[in-house]
Amino acid sequence: MEETADAGRAGYGNVSDPMASEAALDIQSRQPLWHDEAAGPLDDVAEPPDAYESYEAYNETDSTDAYNETDSTDAYDETDSMDAYDEQMGQTAAVRSRGALATWLQLARPLTLPLSLFAVLAPLALLYAQGEQFSWLLALCAFVAVGLAHMGANLLDEYLEYVRSSTSWLHAFDHDPATRPLLADAAIHPLDVLRASVVLLVMGALAGVPLALVGGPVVAGLGLLGLLISFLYSATSIAFKRLPLGDLAALLTLGPGIALVTVLAQRKPFTLSLLLLSLALGCFALAVTEIARLRDPRGDAANGYHTLVTLLGERAARTLCGLALLAAFALVFVVALPTDGPHGALLVIVALPAALLTFVGATHAAHPFTRRQMFHEALWAYVQFAGSLTLGLLLTGAILQIATLYFS
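Residues numbered from 1 in each chain as written. Predicted model: local features only at pLDDT ≥ 70, side-chain atom pairs only at ≥ 80, totals over all residues. Heavy atoms only, no water.

1. Quick notes on unusual backbone geometry
With the exception of glycine, the majority of residues adopt a negative phi angle, and the majority of peptide bonds are in the trans configuration.
Inference 1: Look at Arg-109: it is not a glycine, yet its phi comes out positive at around 50°.
Inference 2: With respect to the helices and strands, Arg-109 occurs in the loop between α3 (51–108) and α4 (114–129).
Inference 3: For Arg-109, a relative accessible area of 25% puts it in the partly exposed group.
Inference 4: Backbone geometry at Arg-267 places phi at a positive 60°, although glycine is not the residue there.
Inference 5: When you line up the elements, Arg-267 lands in the loop between α9 (245–265) and α10 (272–293). (Helix = DSSP H or I, 4+ residues; strand = E, 2+ residues; numbered from the N terminus. Buried < 20%, exposed > 50% of the residue type's maximum accessible area, 1.4 Å probe, protein only.)

2. Digging into the nonpolar core
Inference 1: Of all hydrophobic cores here, the largest spans 66 residues; its most connected members are Phe-284, Val-288, Val-332, Tyr-382, Phe-385, Leu-389 and Leu-393.
Inference 2: Where this core is concerned, the elements lending two or more residues are α4, α5 (136–166), α9, α10, α13 (314–336), α14 (352–364) and α15 (368–407).
Inference 3: Among the nonpolar cores identified, the runner-up in size contains 13 residues, and Leu-155, Tyr-159, Leu-160 and Leu-200 belong to it. (Core = buried A, V, L, I, M, F, W, Y, C linked by side-chain atoms within 4.5 Å.)

3. Examining the confidence of the model for the protein
Inference 1: In the predicted model, the protein carries a mean pLDDT of 79, and the fraction of residues at 70 or more is 73%.
Inference 2: Below a pLDDT of 50 lies the segment residues 1–25, which in the model reaches 10 contacts outside its immediate sequence neighbourhood of four places, other chains included.
Inference 3: Note on residues 29–49: pLDDT under 50 across the span, and six contacts to partners over four residues away in sequence or across chains. (pLDDT = per-residue confidence, 0-100. Contact = heavy atoms within 4.5 Å.)

4. Quick look at the packing of aromatic side chains
Inference 1: Scanning the entire structure with this criterion turns up seven aromatic pairs.
Inference 2: Residues Phe-118 and Tyr-382 carry aromatic rings whose centres are separated by 6.5 Å and whose planes lie at 70° to one another, so their mutual orientation is edge-to-face. Taken together, the residues Phe-118 in helix α4 and Tyr-382 in helix α15 connect sequence positions 264 residues apart. Accessibility assignment for this pair places Phe-118 and Tyr-382 in one class, buried.
Inference 3: Arranged with centres 5.7 Å apart and planes meeting at 70°, the rings of Phe-284 and Tyr-382 form a pair that is edge-to-face. Placement of Phe-284 in helix α10 and of Tyr-382 in helix α15 is noted, with a sequence separation of 98 residues between them. (Phe/Tyr/Trp six-rings, centres within 6.5 Å; stacked < 30°, edge-to-face > 60°.)

5. Considerations on the pattern of salt bridges
Inference 1: The tally for this structure, following the rule as stated, stands at nine salt bridges.
Inference 2: Two residues, Arg-109 and Glu-158, come together in a salt bridge whose shortest N-O distance is 3.1 Å. You can see Arg-109 sitting in the loop between α3 and α4 and its partner Glu-158 sitting in helix α5, a full 49 residues away along the chain.
Inference 3: Residue Glu-158 is classed as buried on the basis of its relative accessible area of 11%.
Inference 4: Where Glu-314 meets Arg-318, a salt bridge forms, and the shortest distance between an N and an O atom there is 3.1 Å. Of this pair, Glu-314 and Arg-318 are both found in helix α13, four residues apart, which corresponds to roughly one turn of the helix.
Inference 5: According to the relative accessible area criterion, Arg-318 is buried, its value standing at 15%.
Inference 6: Through salt bridges with shared partners, a single ionic network connects Arg-109, Asp-157, Glu-158, Glu-161, Arg-164 and Lys-241. (Salt bridge = Lys/Arg side-chain N within 4 Å of Asp/Glu carboxyl O.)

6. Overview of the packing of α5 against helix α6 (residues 190–207)
Inference 1: The interhelical angle for the contact between α5 and α6, taken along N-to-C directions, is 155°, at an axis separation of 7 Å. Looking at the two axes, α5 sits roughly antiparallel to α6. The element α5 and its partner α6 pack so that their crossing is left-handed. In contact with Cys-141, Val-144, Ala-145, Leu-148, Ala-149, Met-151, Gly-152, Ala-153, Leu-155, Leu-156, Tyr-159 and Tyr-162 of α5, α6 contributes Pro-190, Leu-191, Val-193, Leu-194, Ala-196, Ser-197, Leu-200, Leu-201, Met-203, Gly-204 and Ala-207.
Inference 2: Partitioned by chemical class, the residues of the contact of α5 with α6 number 20 nonpolar, three polar and no charged. (Axes fitted to C-alpha atoms, helices over the stretch in contact; angles between N-to-C directions. Parallel < 35°, antiparallel > 145°, perpendicular 65-115°, else oblique. Left-handed = near helix turned anticlockwise from the far one by under 90°. Nonpolar A, V, L, I, M, F, W, Y, C, P; charged D, E, K, R; others polar.)

7. Describing the side chain of Ser-197
Inference 1: Mapped onto the elements of the fold, Ser-197 is located in helix α6.
Inference 2: In contact with Ser-197, other than residues within four places in its own chain, are Gly-152, Leu-155 and Leu-156.

8. Concerning the packing of α9 against α10
Inference 1: Close contact between α9 and α10 brings their axes to 8 Å; oriented N to C, the two are set at 150°. Comparing the axis directions of α9 and α10 gives the class roughly antiparallel. Helix-helix and strand crossings are classified by hand; for α9 and α10 the assignment is right-handed. For the pair α9 and α10, the contacting residues are Gly-246, Asp-247, Ala-250, Leu-251, Leu-254, Gly-255, Pro-256, Ala-259 and Val-263 in the first and Leu-274, Leu-275, Ser-278, Leu-279, Leu-281, Gly-282, Cys-283, Ala-285, Leu-286, Thr-289, Glu-290 and Arg-293 in the second.

9. Some words on the side chain of Thr-307
Inference 1: The topology assignment puts Thr-307 in the loop between α11 (297–302) and α12 (308–312).
Inference 2: Ignoring sequence-local partners within four residues, the contact set of Thr-307 consists of Lys-241, Arg-242, Leu-243, Pro-244 and Arg-293.

As structure tokens, this is what we get:
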């Protein structure tokens, strides 16, 4: 028993000392399980690398690589996202630009331009049918001047209608997009529309300067009068469109007025044939105007309009529309049927079905949507009427030119 105790004391120190025994056990745990005697004492053997430290080092390296890879992926994703954002913003801007362009076209009302442009083309076609020579440059100036002035007047009308509706108590209760001013829901500042209308009117006046220089004071005065009518048609408290005077202005301006300026600028006499033909265009334009009045007569009356429809009633307006259409065709027949008349003008017969459909629709249409559709049908009927008239006159002139060359 004493030997065993001595061996214990020799191998582990004094067991009676707890701290010494614990230190001896710690040293023993750090020694390898076996060793070569020739390699020296146990305390001189190199300790193997700590497995936990190696694992931590490996994990640190792997985490760094993963972080770098994640960082690179995030950078790539961020670049890709920025490219996608730029592309989306570009597409949004393109959509907005297309939407703004469509709104500007709606404000300019291009569908109504034939009402004024054919008042330039048809008299020139009659001059050609009669064998008259005229300046194509002055004809182009008249065409551009009238078109620009018409679009400027349309933009001015849209702006003024928006201003009137915004100051009216009815504006808060009008949620119908067909009767609300277009500017009320458009993403365009109203003052931009006003500026554009002034620019177009000024450009129209500048385009008409050559006509005034060639035609003299009479043409210049008629041109200024036309611009004044374009302004007064919508502006001021006595706007023509809100009075019966507006119907008379449509008849005279979209007929003899524009035709007179066009012909006098060519230094040609304004003959009876030209007067009757221009009156035919004016009468058809008057019919289109009355159909436009029939779209919403109650709304017009509530907004202070005093047109023929609101004063005489819808039946009287429909009767006036039918008489205007009948007069338009009758005046063309008066010009075309004589022996020496431009017989090609009789081509307007092809527009007779469209005119009859327009009149019947205007007579029987009761729903507001149907009435608005009839206005577009009336514009299409006018295009057929004026277009076939112009084409027939051009064919007459071409036949006359060919006959002259053949028999000369």
